[in-house]
Structure formats: C-alpha cells, structure tokens
Amino acid sequence: MQQMSAVSHTPVNKKRQQVFQRIEPFLYLIPCLFFVALFVYYPFIKTIINSFFFINKEGIAHRFAGFTNYIQLFQDKTFYVAVKNSLLYTLMVVPSSLLLSLILALIANKKSMLNKVSTVAFLIPMAVSVSVAAMIFNLLLNPTIGLFDYVANISIPWFTDSHYALGGLAIFNIWLSIGFNFLFFTAAIRNVPKDVIESADIAGANWIQKTIHIVIPLISPTLFFLFCMAIIGGLMMVSPVLVLTKGGPDLSTTTLVYLMYTQAYQNGNYGYSFALSVVIFVIVGTLLALSFKFENKGVYYG
Amino acid sequence: MKKHNGTMEKKGKSYYITGIITIILAIIILLPIIYCFFVSFMAESEINSYPPKFIPKSLYFGNYIQVLCGTLLGRFSINSIILALFATVARIVIACTSAFAFSFLDFPLKKFFFFLILASMVIPGDALIVTNYLTVTSFNLMDTYLGVMIVYFSDAMYMFMLRQYMKSIPPDFRDASVMDGCGNFRFFTSIIMPICKPITISVFISSFVGLWNAYVWPLLITNTPEMRTIQVGITMLSTDENTAFGATMAGAIIVLIPTIVIFVLFKEKIISGVTAGSIKG
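Residues numbered from 1 in each chain as written. Chains lettered and ligands numbered in written order. Predicted model: local features only at pLDDT ≥ 70, side-chain atom pairs only at ≥ 80, totals over all residues. Heavy atoms only, no water.

A. Focus on the overall build of chain A. Within chain A one finds 14 helices and two strands. Expected size for 302 residues packed as a compact globule is a radius of gyration near 19 Å; at 26 Å, chain A overshoots this value by more than 25%. For the C-alpha atoms alone, the extent of chain A along its principal axes is close to 85 × 70 × 35 Å. Looking at the 302 residues of chain A, the share that counts as buried comes to 53%. In chain A, 65% of the contacts between residues at least 6 apart in sequence involve partners at least 24 apart. (Helix = DSSP H or I, 4+ residues; strand = E, 2+ residues; numbered from the N terminus. Rg over C-alpha atoms; globule rule 2.2 N^0.38 Å. Buried < 20%, exposed > 50% of the residue type's maximum accessible area, 1.4 Å probe, protein only. Contact = heavy atoms within 4.5 Å.)

B. Fine view of the overall build of chain B. When you go through chain B residue by residue, the secondary structure sums to 15 helices and zero strands. With the C-alpha coordinates of chain B rotated into their principal frame, the extents come out at 75 × 75 × 30 Å. Within the span of chain B, comprising 281 residues, buried residues form 52% of the whole. In chain B, 72% of the contacts between residues at least 6 apart in sequence involve partners at least 24 apart.

C. Expanded view of the interface of chain A and chain B. If you look at the interface, chain A gives 85 residues, while chain B gives 89 residues. Summing the contributions of chain A and of chain B, the shared interface buries around 8,200 Å²; its carbon and sulfur component is 79%. In this structure, B:Glu268 and A:Arg190 form a salt bridge, with 2.8 Å as the shortest nitrogen-oxygen distance. Our count for the chain A to chain B interface comes out at 15 residue pairs in polar contact (both at pLDDT 80 or more). Sort the elements by how many residues they give to the side of chain A that touches chain B and helix α2 (residues 11-50) of chain A lands first, with 19 residues. (Buried area = accessible area lost by both parts, 1.4 Å probe. Salt bridge = Lys/Arg side-chain N within 4 Å of Asp/Glu carboxyl O. Polar contact = N/O pair within 3.5 Å; in protein donor to acceptor, adjacent residues only side chain to side chain.)

D. The arrangement of the confidence of the model for chain A in detail. Residues and elements named next belong to chain A. Across chain A, pLDDT averages 84, with 95% of residues at or above 70. For chain A, helix α1 (residues 2-9) is the element with the lowest average pLDDT, namely 48, and helix α4 (residues 77-108) is the one with the highest, namely 91. Residue range residues 1-8 is modelled with pLDDT below 50. Its contacts to residues more than four positions away, or to other chains, number four contacts. (pLDDT = per-residue confidence, 0-100.)

E. Looking closely at the pattern of salt bridges. Taken as a whole and judged by the stated rule, the model has five salt bridges over all chains. One salt bridge connects A:Asp201 with A:Lys210, and the closest N-O pair in it is separated by 2.8 Å. Relative accessible area serves as the criterion here: at 32%, A:Asp201 is assigned to the partly exposed category. One salt bridge connects B:Arg91 with B:Asp155, and the closest N-O pair in it is separated by 3.4 Å. Here the residue B:Arg91 occupies a position in helix α4 (residues 73-104), and B:Asp155 occupies one in the loop between α7 (145-149) and α8 (156-167), the gap between them amounting to 64 residues. By relative accessible area, B:Asp155 is classed as partly exposed at 22%.

F. Spatial organisation of the nonpolar core. Of all hydrophobic cores here, the largest spans 193 residues; its most connected members are A:Trp175, A:Leu276, A:Ile280, B:Phe100, B:Ile192, B:Trp217 and B:Ile234. Residue contacts for B:Trp217: discarding those within four places in its chain leaves B:Ile129, B:Asn132, B:Tyr133, B:Val136, B:Gly147, B:Val148, B:Val151 and B:Tyr152. (Core = buried A, V, L, I, M, F, W, Y, C linked by side-chain atoms within 4.5 Å.)

G. Seen up close, the side chain of A:Asn181. Residue and element names in this part refer to chain A. Mapped onto the fold, Asn181 is located in helix α8 (residues 165-190). Under the relative-accessibility criterion, Asn181 is labelled buried at 4%. When residues no more than four places from it in sequence are discounted, the contact partners of Asn181 are Ser97, Leu98, Ser101 and Leu226.

H. Molecular detail of unusual backbone geometry. Residues and elements named next belong to chain B. In this structure, Asn140 is a non-glycine residue whose phi angle is positive, near 60°. Tracing the backbone through its elements, the reader meets Asn140 in the loop between α6 (129-138) and α7. The backbone phi angle of Asp143 is positive, close to 65°, even though this residue is not glycine. Examined against the element boundaries, Asp143 turns out to sit in the loop between α6 and α7. The exposure class of Asp143 is buried, given its relative accessible area of 17%.

I. A look at the packing of aromatic side chains. For the structure shown, the criterion picks out 38 aromatic pairs over all chains. Measuring from ring centre to ring centre gives 5.2 Å for A:Phe35 and B:Phe153, while their planes differ by 85°; the resulting arrangement is edge-to-face. Residue A:Phe35 is found in helix α2, and its partner B:Phe153 is found in the loop between α7 and α8; the two belong to separate chains. Measuring from ring centre to ring centre gives 5.5 Å for B:Phe41 and B:Phe61, while their planes differ by 85°; the resulting arrangement is edge-to-face. Here B:Phe61 lies in the loop between α2 (44-47) and α3 (62-70) and B:Phe41 lies in the loop between α1 (2-39) and α2, a separation of 20 residues in the sequence. Taking relative accessible area as the criterion, B:Phe41 reaches 9% and is therefore assigned buried. (Phe/Tyr/Trp six-rings, centres within 6.5 Å; stacked < 30°, edge-to-face > 60°.)

J. Looking closely at the side chain of A:Asn69. Residues and elements named next belong to chain A. One can find Asn69 in helix α3 (residues 68-74). You can call Asn69 buried: its relative accessible area is 5%. Here Phe53 takes part through its backbone oxygen, which lies 2.8 Å from a polar atom of the side chain of Asn69.

K. Seen up close, the packing of helix α10 (residues 184-195) of chain B against helix α11 (residues 197-212) of chain B. All names here are of chain B. Closest axis-to-axis distance for the α10/α11 pair is 5 Å, and the angle between their directions is 70°. Judged by the inter-axis angle, α10 sits roughly perpendicular to α11. Residues Met193, Pro194 and Ile195 of α10 pack against Lys197, Pro198 and Thr200 of α11. (Axes fitted to C-alpha atoms, helices over the stretch in contact; angles between N-to-C directions. Parallel < 35°, antiparallel > 145°, perpendicular 65-115°, else oblique.)

L. Structural detail: α4(B). With 32 residues, α4(B) should reach 46 Å at 1.5 Å per residue; the first-to-last C-alpha distance of 46 Å fits that figure. Of all 32 residues that make up α4(B), 23 are buried, and the element is covered over most of its length. (Expected span 1.5 Å × (residues − 1).)

M. Quick look at the environment of A:Thr68. Residue and element names in this part refer to chain A. Among the structural elements, Thr68 can be located in helix α3. When its relative accessible area of 35% is taken as the criterion, Thr68 is described as partly exposed. Each C-alpha atom of the pair Thr68 and Thr254 lies 23 Å from the other, and the pair is 186 residues apart in sequence.

N. View of the state of the cysteines. Enumeration according to the criterion identifies zero disulfides over all chains in this entry. You can see B:Cys96 has no disulfide; the closest cysteine sulfur is in B:Cys196, sitting 6.6 Å from it. (Disulfide = S-S within 2.5 Å.)

O. Highlighting the confidence of the model for chain B. All names here are of chain B. Here chain B averages 83 in pLDDT, and 93% of its residues register 70 or above. By mean pLDDT, α1 is the weakest element of chain B at 75, and α7 is the strongest at 92. Across residues 1-9 the pLDDT falls below 50, and counting only partners more than four positions away or on other chains, this stretch makes zero contacts in the model. Model confidence for the complex is summarised by a pTM of 0.83, with the ipTM given as 0.83.

Below, the structure is given as structure tokens:
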C-alpha cells in the first residue's frame, strides 16, 4: 500500500495514471459500441445511401441513381400488395395476441391451485422456435389430415388458398407470441405493489374491479412496450412465410420484409431492396411515433 | 382476525374454479406440442389416415431412428450449441462491461453513448439484414461459425437489463473499494460480477434460448449442409414434393426438448430477469 502511493507520486507515473483514468471507461465500452455501430448504425446509414444508387449483382453501388429505385418500387404493384398484407396481418395479430396473453397472465397470477403449473404451461410457447412451430402448424392446420380442421369440422386449406393463407399465418403467430407477452405481463403484474391491492380489498373491490381499475393502469407501461414490440414484429414478419408459404399462393402472404428479401437474394435487385428497406423504416417509424403520441394519454407512469 | 377468515373463505371457492379454468387453458395452449409429440410416434400410414388420430395405436420409433441416423441432425445440434453458447458468452461479456461503464464510471458524452446504444433497439433489424449480409460476406465469413455469431455479439436490451441491475447496487460499495485501493477492473470482476450473478443467469438463459431458436440469419449466412443450424435443418427434413410429417415431428420434439427443459427448470429466473430489466426510469 505504501509502496503503491510512493510510486504514483512520481510525476511521470502520475501523468500516465491520469491518461489511463481518462481512457479506461472506453475500454469497457468499446466492444459494445463497435458492434452496435457495425451491425446497426453502419447498415442503417449504408442502406439509406445505397437506396439512391444503382447496385450491381454483387451488391456494390456503382452509379448515382437519384430516386430511380424508389420510382421502380412505387410503380410495382407487388409493393402495394405487400403493404396491404403486412398491415392486415399486423391488424389481425396485435390486438388478439395482446388480449389473449393479458387474460392468461391475469388468470395465472390469481391465487389458485395449480397456478405454478399453468405459469410454466403458458410460458412454453416462448421456448418453441418459429421453424418448429411452423412444422407443427403445417400439420395441425392441414385440410385433410390435420386435427384442427377435423375437430372444428371445416376443411380450410389454410396455407394453400390465397383467401386463408394470411389468416393461417396469423393464427400461427398468435399462438407463438403467447409466451413472450405472457412473460412480460406476469413480471409486471408481480410488480404491482401489495399495499395498493390490500387497500382495494378493504374497500371491498372484487377481482374484476381490481383488475380494471388498479392492475391494468399500473401495468400500462408494459402493455405499451408489448404493443410497440408487437407492431414492429407484425410489420417485420417474415420467418413463417419463408418456412410455410414462400409468399404465395398468388402473393397473398408476400409481406414487406419477404419482398425485400426475395428481391435481394433471388432477383439480385439490390437497389429495389434497399429502397424498400428505407420505406419499411418510414412505415414502422410512423406507426411507432403515432403510438408514442397515444402513450401520453393512455399510459400511467407511477 | 375476522378479515383474515373472510378472505380465506372467498379464496376457498375461487381457488378451485380458477385452478380448473387454468388447467383447461393450459391444455389448449399446449395442444399443438402434445399433438406433435403423439404424431412423432405414428407411422406415416397412420398419420395419413382419415379421420386424423390424436393418440398413436402403438409406439413407433421409426421416425426417431430415421431422423437420428438418416440426417445430419447430430451435426446440426452441435452447430447450434456452438453458436448459442459462444455468442451468448460474448454477449454477456460485452453487455456486462458496457453496463459497468454506464453504472460506475464517469466519462465525457456518457448520456449520448448510452442513448446511442439504447436507440439501436428501435431500428428494426430485419430491414438491415441485406446490408449485414453483404458486410459479413465481405469479411469472408460466409458459412463460418463466426459469421453466424458475429451479428449477435452486441445486444442493447441485455446491456440495459444489466445496467438497471447494477444501478441498484449501493454506491457505498464503490467508495469502500476505492478506499481499499481496488482498481476498477478488480472491482468489476471480484465485487460487481458476483453481485450480478442472478441477473447474468437470467440473461444467459434467455439469450441461449433465443439463439438456439434463431432462424432467418443462420439460413442466409450458411449454405453447406454441414454448417446448418438445427432450426434450419429441421425445415429441410421435408421437401416441397414430399412432406415427411412423422420425421419432421420427431425432429421437432428433439429440437424442443432442451428449450422446454430450460423453461421448466428456470421459470423463476426468466421472470425475474424481465422484472430486473423493466423500465423504471
């Protein structure tokens, strides 16, 4: 100890130590900043810049194109189909998946027998990957040998008929998102202060009153967070399309990201794909901004 | 005492009714997985028969044998374990060090860097996938483990969760260790990290499961069968012309087992991880 302080009192060492103190925080920070910059901000900026260039088949920008890529995109009928599909899909999935998992979380957090078992059961869809779930639902929703259509006494070719394919994917995704939403709702409900609930008990409130007037307002920040995540997830939906429908039949499941993906990898049309990425940012950003406007009115921060 | 009795009686009735409702709901929610499990023990003729059966006549192991011996599923699992394990470790190291800097150290532009990293959560990653693909292939990392992993190294959400947790550690700890002449790095490794063990375990679990289940990026960045991950591999068990449901369901069960076991064992850890990262301002 004495030795150390003696060393740091010599002027050269003192200076060296000061320099080290300055840069030390950045040594902890650099890995995180480096990878965020390389895989989020760099591609974000590069995508925007490249959308104004002609891009060759290797993905390299070679000539300034102005708005040519955007004009090509906005003149393409498929683009409007994709916008419609993505919005329709988001509209089908977001309210139903949030409502369903909120109800499940409220029930599972009510004191009852077996509520430990049900918590695990409702979390399990989160453990299932998109590709595995897609395989299961491909069989479950099969019009001839699938159990769902047999039990419901219908014969709907969910993934092979253009009228139903998007709906089939919505059913699939509602199920798949239960676990994630349930997890966040459960964590939020457990954070509701006990004394608030107890004072409502003394006032004679029943479970439904307590839920509507106390629990839901108190978990509204989580509800809002999940709403934003669901909107982003809905608009960005692509994996089940890649596994199950490949955008068909008749473009009925071609979503925005799927179109971006096929234009780049199948057609080598990178310019179109980058312009579409930028349009996706704008659509997602606009919807998020609208949600945040609503947040000021509807979300309660205790 | 009177009040206590009142709530006990009320609990008695709804305690069982709610229990029955939840168990019915749990069965409905888990039905696709239970169905998948049963179908994995059916022969192809039984699967294709009408009306569809839920419970197999007898235990048929042909699907499992076919998947385990006839495909590269073993190799796919090793790939997935390597990917999930190494990328998770890298993620945790990177998230912990940066969370430590944001919680305990002072430096210029601290707020700016913090929000720069946090704001990356709002940029939808799927729309960046084409550019990231071009970046990673330009590093000649196509079809390599590092190429699959590298885009996952930094994750703003985990950094944020760890920072929230570290912020709750009383500043006295730091003052005391500075007095003892303990450098920042020793303070970080021997005092902060042991305190952060519970949250680190939560992050480890959720990151591992998330990466084990990753699909689109590993599909894009690998193109030889030997490098495929298990998630990509199982979608390739059936081709467009021939859907082998039995084998696919057996593969699905094999893929599901590790994640379901993790969820059942670490349920409370997973929930407390989310609580720690919840937005408290």
